[in-house]
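Architecture at a glance
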Amino acid sequence: METKDLCMALMRADTEEEVVSLLQGAGYWSATECWRPVGDKPNNLGTIGNQQGEAIAALVEKIVNGIDARLTNACLLSGINPEGPQAPRSIREAVAQFFGGRSPNSHVGGRISDWLDPDVTKESRLLTVAATGMMPGHGRPSITIADQGEGQTPDSFPDTFMSLDQSNKDRIPFVQGRFNMGGTGAFPFCGNLHRLQLIVSRRNPVLIRSSDSRDHHWGFTIVRREPPPPGTKNSVYTYLAPKARPRDRKRSVLSFAAPTWPIFPESNNQVRDAYIRHSPYGSLVKLYEYNWQGTTSNIVLSGGGLLSRINVGLPDIALPVRLFECRAGYAGGSGSYATNALGLIARLERDRAENLEINPFGGTTSLEGRQIPLRIFLFKDGKARSYRTQRHGIVFTINGQMHGSISTDFFGRRSVGMSYLANSLFILVDCTNLDTRMREDLFMTSRDRLRVNPLSEELESALTRFIRDNSKLKEMRNRRQEALRKKRLEDNKPLVEALQGALKNDPTLERLLLKGLDITSPFPRNGGPGKGKQARFIGKRFPTYFRFEGRETGEVLTRDAHEGSRVRVAFETDAVDDYFIRDNDPGYWDVLVKSSGKFIPASNWTTTDPSSGIAQLWLDALPLGTSAGDEVEYIARISDGDRIEPFENRLTLQVRGPQQSGNGGHRRNPETDPSNLNLPTIIPVKKDDWSRVGFTEESVLAVHAAPAIDSESERSFAYDFLINVDNKYLEYEQKTNPPASELLERQFTYGMVIVGLALLRTDSKPTHSKAQLDPIQADDRPEDQPIETRISAATAAIAPVFLPMFRAIGDLANEAL
């Protein structure tokens, strides 16, 4: 078989068995001298095996490599040295400079959300992902990623695709790649035994200065995992390199001459082929039998499939990607076989009316003086699952790529208090502006999870405060809570009174579970739906004023601040609500504090976007060394691209002693102190409300912390207990005994409420931050999950035996009598 034919056969193979058979027939599989260790490191498993812990994150790295290759190619074609001073300093600048002509507005922000649909599709067809091979239920599909980027010569494979720990991209400021190892993260998810991967590439001929004809060839290789060599403990990843280079006699990859090669797919009602569109240069990577969670559907469909996972993994993607479903089993009909992945932000910009409850909003938090923009998306009921998974409630990004996430359980924590929004909330945390040291301290080099250390815990605390205190989130939470309560609460009043009476009549239960039986008012003073209607606010794109609320422009604000307490400062402005989070010409904050006679950037502060003309600044902590009697001076500056001079607001804080909490000086920890537990509000949930609260037929109990946390003080908690009265195990018992249907529902409800109260009452430790910052490990360690999550899991586990157990105990009691 000719080399060219072998390459095409490997491209069209979809199983390990086919690949091994082809290489055996060519005489390469068993010829150990034809295989070279990846990175020229015989012990490379330590590096390769310590990459992404999830298959999709590893796949996203392949797409990122394609984006980097396309940007670098465009830079070189423009005559600019990618490592030189004329090169763009960021990914967005590179897109604006090299692809800005695609849209009238893209030169402003370098975002593909500005592009017209024909331009998006045109560019996305040069960076593709295609599925071939096995259908769902029969095996794993193979995934092919192709790009028309700079490409590589055959003899450069050892120093590019097959290198480890080199600084190939480290000096190029506008690419994502840094560590020269992320591309290996997909190896462990390929195949079953040999972990096979194919790479095909040709260098853009315009960029070649060599006279060597081989440099113009298409090169290709196969990566495989070999068992531990004699005398060693670990497997080793090698790649096919049977050719000896004349210049240094080192082994290199196979190659062949061809002016173009079919690396790109096409998929529609007429043609379904992953390797049909020719390209004069570029790269192709094929992941055989790729083991990713979510192989149960057409990859171009939304939901939990590949499209939504790529959009989450690259929420602010630099260049569009086109997905092609090329598996033969989907042939026929008029289904969808190709679509564009635009990243979550661009997708929501286009679909916001159908999917979002309100327009995106956000704010800024500061970590050690570095600003971190936050963007909040609140989905309509049932819409979030088409865009993000439960693991991705909060996503941390750098240059548009996810580097870690926190699960939606975070929103249900008592200190956060947003359980009612947990199934609809999604927050992007843009960490691009952090300095190198902070990035290294926060994120693993695999770029799929956060480290657990004081810095990440400080960031988690800042997010807790930001979410808990956000007035828009409070308002939306209260609306949803009120809607659900209004729908069910009146009919349920006798149920609550009966349970209250039962607990009062049993001193043991009252002593163990409750302290005080009053049902706390469900809505706080601030941020609730009970406010009177206000006149519709119409803001300006570029504000004419931004000042302290109720003060004149330029007036200094002097107020008290207590040691150990946060300080909230309100501003009034005529800026539009999205002033700080919009893509083009956004506003930005600078907060300075006076130290040693001069103003320097302040640390640990948080802001919220304007909401109908009111914005807030939170000073999360006073400077170190501050004590009662001191005065601390701040300057808050707000500016944008339209202003020559920023708005400047001067604040003087007169420091007082610690604020008394009203309970003898003891400050209650809302995470750990259950002593003020009240009787919960019990809300039956029927099937028509399942999507609103995230229930399924097996769900039993969801515990939501009612809005009992005031922004500046800590009060006792009240809870809503949402009971699934259409639970399938309850329904089964009711069908077998229709006359007792109502009694069974009450037994089920009473019992599960008491179980939930008991678990809440005995919860004596705070939620472990690792469960929030490392969702993969949190899934494996349920004891580290929030108590609300554990209550849901425990009651769901009890449900199948709960009513039968009641019945059996009753029979035993009758026998005893």
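Analysis parameters
Residues numbered from 1 in each chain as written. Predicted model: local features only at pLDDT ≥ 70, side-chain atom pairs only at ≥ 80, totals over all residues. Heavy atoms only, no water. Helix = DSSP H or I, 4+ residues; strand = E, 2+ residues; numbered from the N terminus. Buried < 20%, exposed > 50% of the residue type's maximum accessible area, 1.4 Å probe, protein only. Contact = heavy atoms within 4.5 Å. Areas by Shrake-Rupley, 256 points an atom, 1.4 Å probe, with all protein chains shown as cover. Core = buried A, V, L, I, M, F, W, Y, C linked by side-chain atoms within 4.5 Å. Patch = residues over 30% accessible without salt bridge, like charges linked within 9 Å, V, L, I, M, F, W, Y side chains within 5 Å. Salt bridge = Lys/Arg side-chain N within 4 Å of Asp/Glu carboxyl O. Pairing = 2+ DSSP bridges. Axes fitted to C-alpha atoms, helices over the stretch in contact; angles between N-to-C directions. pLDDT = per-residue confidence, 0-100.

1. Some details on the overall build of the protein chain
- Looking only at helices and strands, the protein chain features 20 helices and 33 strands.
- A total of 817 residues make up the protein chain; the buried ones form 55% of that total.
- Nonlocal contacts in the protein chain, meaning residues at least 24 apart in sequence, comprise 72% of its contacts between residues at least 6 apart.
- As presented, the protein chain carries roughly 34100 Å² of accessible surface, and 49% of it is formed by carbon and sulfur atoms.

2. With respect to the nonpolar core
- Val 38, Leu 71, Ile 143, Tyr 290, Leu 306 and Leu 323 are the most contacted members of the largest nonpolar core, which totals 62 residues.
- Of all the secondary structure elements, the ones that give two or more residues to this core are helix H4 (55-77), helix H5 (91-99), strand S2 (127-133), strand S3 (141-147), strand S6 (236-240), strand S12 (282-287), helix H8 (306-313) and strand S13 (321-325).
- Take this core: its biggest share by element is eleven residues, from H4.
- Residues in contact with Leu 306, not counting those within four places in the same chain, are Ile 56, Leu 59, Val 129, Ile 143, Trp 292, Ile 299 and Leu 323.

3. Here we look at a nonpolar patch on the surface
- A surface patch of nonpolar side chains, about 270 Å² in accessible area, is lined by Met 805, Phe 806 and Ile 809.
- Judged by its relative accessible area of 35%, Phe 806 is partly exposed.

4. A few points about the sheet that holds strand S20 (residues 546-548)
- Taken together, nine strands build an open sheet; the order of strands is S18-S17-S19-S16-S15-S25-S26-S22-S20 and the sheet is mixed. At either end of the open sheet lies a strand with only one pairing partner, and these are strand S18 (401-406) and S20. Averaged over all pairs of adjacent strands, the angle between strand axes in this sheet comes to 25 degrees, irrespective of strand direction.
- As paired elements, strand S22 (residues 567-573) and strand S26 (residues 614-619) share six bridges and run antiparallel to each other. Note on S26: the bridge partner recorded for Val 567 is Leu 619.
- Together, strand S15 (361-367), strand S16 (370-378), strand S17 (394-398), S18, strand S19 (425-430), strand S25 (605-611) and S26 form the strand contacts of helix H11 (residues 454-469), whose direction differs from that of S15 by roughly 145 degrees.

5. A closer look at the pairing of S3
- Extensive coverage of S3 is indicated by the burial of seven of its seven residues.
- Of the two faces of S3, the one holding Pro 141, Ile 143, Ile 145 and Asp 147 and the one holding Ser 142, Thr 144 and Ala 146 are both buried throughout.
- Looking at chain direction, S2 and S3 are connected through seven bridges and run antiparallel. The partner of Ala 131 across the bridge, within S3, is Ile 143.
- Where S3 and S12 come together, five bridges link them in antiparallel fashion.

6. Section: the confidence of the model for the protein chain
- On average, the protein chain scores 82 in pLDDT, and the residues at 70 or more come to 81%.
- Confidence over residues 102-108 falls short of pLDDT 50; this stretch has 17 contacts with residues more than four positions distant or in other chains.
- Taken as a whole, residues 765-781 scores under 50 in pLDDT and shows 45 contacts with residues more than four places along the chain or in a different chain.

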